[in-house]
Every structure is written in C-alpha cells, then in structure tokens.
Amino acid sequence: MAQEPASSGAIETFTGPGANPRWNSVGPYVTEPQKAPLLLLTDRPVQLETPRHYFSTAFTPNDAFYVRWHLDGIPNNVDLKEWRLQIEGNVAKPQAFSLPELMRKFKAVSIAAVNQCSGNSRSRLQPRVAGGQWGNGAMGNAMWTGVRLRELLDAAGVKTGSVEVQFQGLETGSGPKGMASSSFLKSLDLANPVLDECVVAYLMNGEPLPMLNGFPVRLIVPGYFATYWMKCLSWIRVLDTTDENFWMKPGYRIPDTPKGNTTPDDVKAGKVNMVPIAKMPVRSFLASPDGSSKIPAGMTVTLRGIAFSGYGRVTRVEISDDGGKSWSAAKLGEDYGAYSFRTWEAAWTPKSPGKHTVAVRATDEKGNTQPDAPVWNPGGYLWNRIEKQELVAGIAG
Amino acid sequence: MQMNRRVPVAVLVFCFALTLAGVGMYAELKKGQYQAATLGQFPQTSPSESLPDSQYGGKAYPLYAPELVAGEGKAEVEGYCSMCHSARYITMQPPLPAAAWETEVAKMKKTFGATIPDEVTSKIVRYLQAHYTPETRKQ
C-alpha cells in the first residue's frame, strides 16, 4: 500500500475570487510580543486573527485576543510617568488623569463584553471586497474593568451645545497631517445611550492589557463593533460639531437598509445611503468538532461554541443537521451578561456513515435570529449568516 | 492443583489463536510511518524581562515581509506602498478585478495622501493588475 502523505502540507496562501471556504483566514501562524501564535493578516501595522479552537470558552485569553491596528505608528511602549488621559474640547474644566488617578478617584466597574472587528468574516463576501481578509476570528470576549466614561465626562463638565465625543489613541501614521493616514479618530453621539455603558478599561480578564490590545487603557463600547473601542485611549474630546474625519465618513459606514445589505450595482448607481456602523448583529459559532476528526457513525459527540449579539442577551442557540428543516435547542452555558459570549453545547450523533452538515443559529432577546442568507456591502461588514460545518462519519464496525 | 495448571495453558493457547486471527483482521493497520515535515515548527520566543520602572512594552514588532511576484513595477510598489504599510496588504487581498486595483491606488493617493508621481502611479497599477487579478494571480 502506498504511503499517505504526512499531515504537514500547507493550505493555500490566498483565497478568491470565490469565498474563503475556511473558518479562519489563511495566513501563517506568527508570534508577536505578549502573544500566543496567531494567524497573520498583516505585519505593519499589525493585524492578527484568533484561531478557531479558542472559541469554546466564554472568555478569550489576552495572549490569544485578535489584533487590528489601522496605522503603522503603533506604540511599542508607554511611559506611565508621562502618560495622561486628557479630557478636552468643549468642556468646562479640561482634565488630565494619570493611571493611578483613574484607579483611585473613580469607582472600578467590570463588564463582560465582546469585541468584534467590523470586518470580521469579510472573506466570506461575494463578490469579494478589498480590506482585511478576516475569517471568523476577528473577535474575542473579555472581562473589562475600569471607570465609567460618564464619570470622566462629568468631571470635565460637558458644555451645552456639544454634539459628539471623539476618541483618540496613541496610534499615528506616516501620512500627511489631516489625512486618514496620519491619525485614527472615532466619535459617538453624545445623545447615544451606549455612552452610559462605556467603560475606560485598564484591566482585561484581570490583567493589564497587552500593548497590542491597547495598554494602558481602552474604550469599551458594549454591543458595538470594535471600531469605536479606541486602543491606548489618550484623548477624549468633546465636539460641538459632527465628526466627519475619514474614519467616520466615508470610513466604517454601512447601507441604511435591512441588515445593511446592498448590491455593487446599487452602490455604483449612488442609490445607497450610508450611515456609521454601530451594533453587532446576532451570531453563533461552532468551535468544535472542526472536521479534523472522523466520527464513527452512531457515536454521540459534543458540539461546542459561543454566541453573542449586540442587541441583547442570546436566549436561544439551535442546531440542525438536515439543512435547516428542523432545529433542536442547544444547552446554554453561564450567563455573564448581555454583551458577553454565551457558551453553548449540544449532543449530536451521526446516524449513518457519510458527510453530514451541522448548522448553528442563535436568537437574541429582541427576537433577532441569524439568517441563512449572505450579506453584501462595500465595506465588507455585518456578516452574520448561519455557520455550517461538514463532519464526516465513518463506518463504526 | 492439576486442574489449576491445565487451565492457564488452555488460556494461553486460546490467546495465541486470537493473536493469529488478529494479524489477519488488522491487515489494513498501518504502523510506524513517518515523513519529514516542513511546517508547524517555529522556535518559542524568549520571555521578555521587565524592569520595575515606568516603561511598559518596548519590543519592536516583527516584520513578516511577503515575497511579491517579480516583474516590472515591483520596486516601485515596494518603495511607495511601504511608506505606510507592508506589502502584506497586497498579498492578503483576494484576487481583485483590474478596476478595483486602480480604485485602491487612487484611494491611497486621494484619501490617504500617498505622494506618488503620476507616471509611477500607472506603473504600480499595471504591476498589480499584471499579477493580482482573478485572471493573473498565481501565488
């Protein structure tokens, strides 16, 4: 009998023009400071994806948490003797807090919240769109501890006539000043109720944040896509006008349509009204089994994964192995709050040898359920189609 | 006593017969096959040593530069595009239609402020179209 090749063959180095068929992106494993081996998207600035197997637990380890920067001037270090969090702009009393002041002067609060890149799963879109070609691993969940944004704003005294609050971190780029390539700025409307839930976090899962995830403090915007979660947050700026810098307009915008869906033709025809991206649609994922093990027919295995929604608690996760004709409920794990990953598991038995497809879908407390339909928009955002996994069952004996 | 001695012998004979049958049964069983591996091995990074001062972090981020396809315009792509980002931004993309590459390069100039002379711009676009579209991409 001929010898079978060793299982060390490499996967393809790129995917397309069809959809990326793999769960993760296809880059190699690399090591970066304070990080476990993660999947490389880009090295300058750094973008790293979290491998699939990390998504069977509610909290993503800090060293495995995905990384996404926009500009090449990523801080390598921070001197806490010099570093201050400035609260400035249209305020009565501008403030500058050191890290000890943040920890001492304000009450510490903790919240479990999912951080997901706006472009998570972008490599699924058809036709493909340019941008970071993420698989499903541009997401993570952590217990964030810090101070309430509201208390910081109150300490500075937001003046009447203020419209938005802008966030800036230590990230800078080599481009000309005033251009998108020189600074990364994000803003939220001062009337947005999410501001009451925002936390300026100095702890991530009970430890200081890795430099690549935003040491010393990061903005936590529960339920919202990660574009607003400013890393190395150093300036909180109250504005009396609407922020129209590139990263707010036209950057990070979605069609003002149901599920943010549109077509290349409608975009070209100028028919689409674009609005800033905001909350994350409901999603669920199967972490294991991942198809790497053949299952003897008749053996009952455990399906495991996580689910979340930016619109509220996940209330139901369901499994189907008949192409979505029937669904059965999975058992939900511990509830760490409305914005956390919720683990789920379900027993599943392949009754006969052959290829089986297991699908998983989640529903949140607002009644939003994942569709079995793709989404397309020019930024490659909001993908939340039902995930499917092919599993092969063999003859058991 | 005699009985006690005879029984184990019978068991041994039975087991031997089973083993013979087993060899036949497991004719498909493969053992001891190995093959030289070229992937999945890289050295562990040494743990960083922290000093009890006010500096946090400090390590340089490693560059994992990709090999761009050889061809007319490669030097210009490496020179100009690398002002702001690594060439990984090119190789990471799926094969993009020729027009999409033109749009991307225009965006780098107009939105991101890349200072690329016009004659170099067209050379860069031609290079990307020659090697990174659905029709042309090989690696």
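Draft legend 1. Seen up close, the environment of A:Ala191. All names here are of chain A. Looking at the secondary structure, you find Ala191 in the loop between β11 (183-189) and β12 (199-204). According to the C-beta neighbour criterion, Ala191 is exposed, with 8 such atoms within 10 Å. Note: C-alpha distance between Ala191 and Glu164 (27 residues apart in sequence) is 8.0 Å.

Draft legend 2. How the structure looks around the sheet that holds strand β23 (residues 342-348) of chain A. All names here are of chain A. One open sheet holds the four strands; their spatial order is β17-β19-β23-β22, and the pairing between them is antiparallel. If you trace the sheet from one side to the other, it starts and ends with β17 (283-288) and β22 (331-332), each paired once. Bridge analysis of β17 against strand β19 (residues 301-308) gives five bridges, and the strand direction is antiparallel. From the neighbouring strand, Ser288 faces β19, where its bridge partner is Arg304.

Draft legend 3. How the structure looks around the domain arrangement of chain A. Residues and elements named next belong to chain A. When cut into domains, chain A gives domain 1 (69-115 + 139-276) and domain 2 (283-394). Inter-centroid distance (C-alpha atoms) of domain 1 to domain 2 is 31 Å. Across the contact, 18 residues belong to domain 1 and 15 residues belong to domain 2. Broken down by secondary-structure element, the contributors of at least two residues to the side of domain 1 that touches domain 2 are β8 (109-116) and β15 (253-255). With four residues, the top contributor of residues to the side of domain 1 that touches domain 2 is β8. Residue classes in the side of domain 1 that touches domain 2 are distributed as 10 nonpolar, six polar and two charged.

Draft legend 4. Molecular detail of the interface of chain A and chain B. Contact with chain A, which involves 42 residues of that partner, is made by 38 residues of chain B. With four residues, the top contributor of residues to the side of chain A that touches chain B is strand β2 (residues 38-43) of chain A. Considering only residue class, the side of chain A that touches chain B consists of 21 nonpolar, 14 polar and seven charged.

Draft legend 5. Spotlight on helix α2 (residues 149-156) of chain A. Residue and element names in this part refer to chain A. Among all positions in α2, only Leu149, Leu152, Leu153 and Ala156 are buried. The arc that holds the buried residues of α2, viewed along the axis, is 95°, so those residues lie on one side. Looking at the buried residues of α2, the elements they touch are β6 (85-89), β7 (95-97), β9 (139-148), β10 (164-172), β12 and β14 (235-239). Just downstream of α2, Gly157 is the residue with a positive phi angle, here 75°.

Draft legend 6. Seen up close, the pairing of β11(A). All names here are of chain A. For β11, the buried fraction is high: five of the seven residues fall into the buried class. Pairing of β10 with β11 involves six bridges; the strand directions are antiparallel. Residue Gln166 lies in a different strand from β11, and its bridge partner there is Ser187.

Draft legend 7. Representation of the confidence of the model for chain B within the structure. In the predicted model, chain B carries a mean pLDDT of 87, and the fraction of residues at 70 or more is 83%. Note on the complex model: pTM 0.94, ipTM 0.93.

Draft legend 8. Fine view of unusual backbone geometry. Residue and element names in this part refer to chain A. Following Gly16, the chain continues to Pro17 via a peptide bond in cis, the omega torsion being 5°. By the element assignment, Pro17 lies in the segment before β1 (29-30). Residue Pro45 is bonded to the preceding Arg44 through a cis peptide linkage, with omega at -10°. Mapped onto the elements of the fold, Pro45 is located in the loop between β2 and β3 (46-49). At Gln34, a position not held by glycine, the phi torsion is positive, near 65°. Structurally, Gln34 is set in the loop between β1 and β2. For Gln34, a count of 18 C-beta atoms within 10 Å puts it in the partly exposed group. The backbone of Tyr252 sits at a positive phi, close to 50°, despite the residue not being glycine. In this structure, Tyr252 sits in the loop between β14 and β15.

Draft legend 9. Quick peek at the packing of helix α2 (residues 74-81) of chain B against helix α5 (residues 118-131) of chain B. Residues and elements named next belong to chain B. Contact geometry for α2 and α5: axes closest at 9 Å, N-to-C directions at 110°. Overall, the two elements α2 and α5 adopt an arrangement that is roughly perpendicular. With respect to the hand of their crossing, α2 and α5 are arranged in left-handed fashion. Contact residues: Lys74, Glu76, Val77 and Tyr80 in α2; Val120, Lys123, Ile124 and Tyr127 in α5.

Draft legend 10. Structural detail: the sheet that holds strand β13 (residues 218-220) of chain A. Residue and element names in this part refer to chain A. Within the open sheet, the four strands sit side by side as β8-β9-β12-β13. Their pairing is antiparallel. Both outer strands of the open sheet, β8 and β13, are each paired with one neighbouring strand and no more. When strand polarity is set aside, the average angle formed by the axes of neighbouring strands in this sheet is 55°. For β12 and β13, the ladder comprises three bridges, and the chain directions are antiparallel. Bridge assignment links Val199 to a residue of β13, and that residue is Ile220. In the packing of α2 onto the sheet, contacts are made with β9 and β12, and the angle to β9 comes to roughly 35°.

Definitions and cut-offs
Residues numbered from 1 in each chain as written. Chains lettered and ligands numbered in written order. Predicted model: local features only at pLDDT ≥ 70, side-chain atom pairs only at ≥ 80, totals over all residues. Helix = DSSP H or I, 4+ residues; strand = E, 2+ residues; numbered from the N terminus. Buried ≥ 20, exposed ≤ 12 C-beta atoms within 10 Å, placed from the backbone. Pairing = 2+ DSSP bridges. Domains from an automatic or database assignment. Contact = placed C-beta atoms within 7 Å. Nonpolar A, V, L, I, M, F, W, Y, C, P; charged D, E, K, R; others polar. Arc of directions from axis to C-beta. pLDDT = per-residue confidence, 0-100. Axes fitted to C-alpha atoms, helices over the stretch in contact; angles between N-to-C directions. Parallel < 35°, antiparallel > 145°, perpendicular 65-115°, else oblique. Left-handed = near helix turned anticlockwise from the far one by under 90°.

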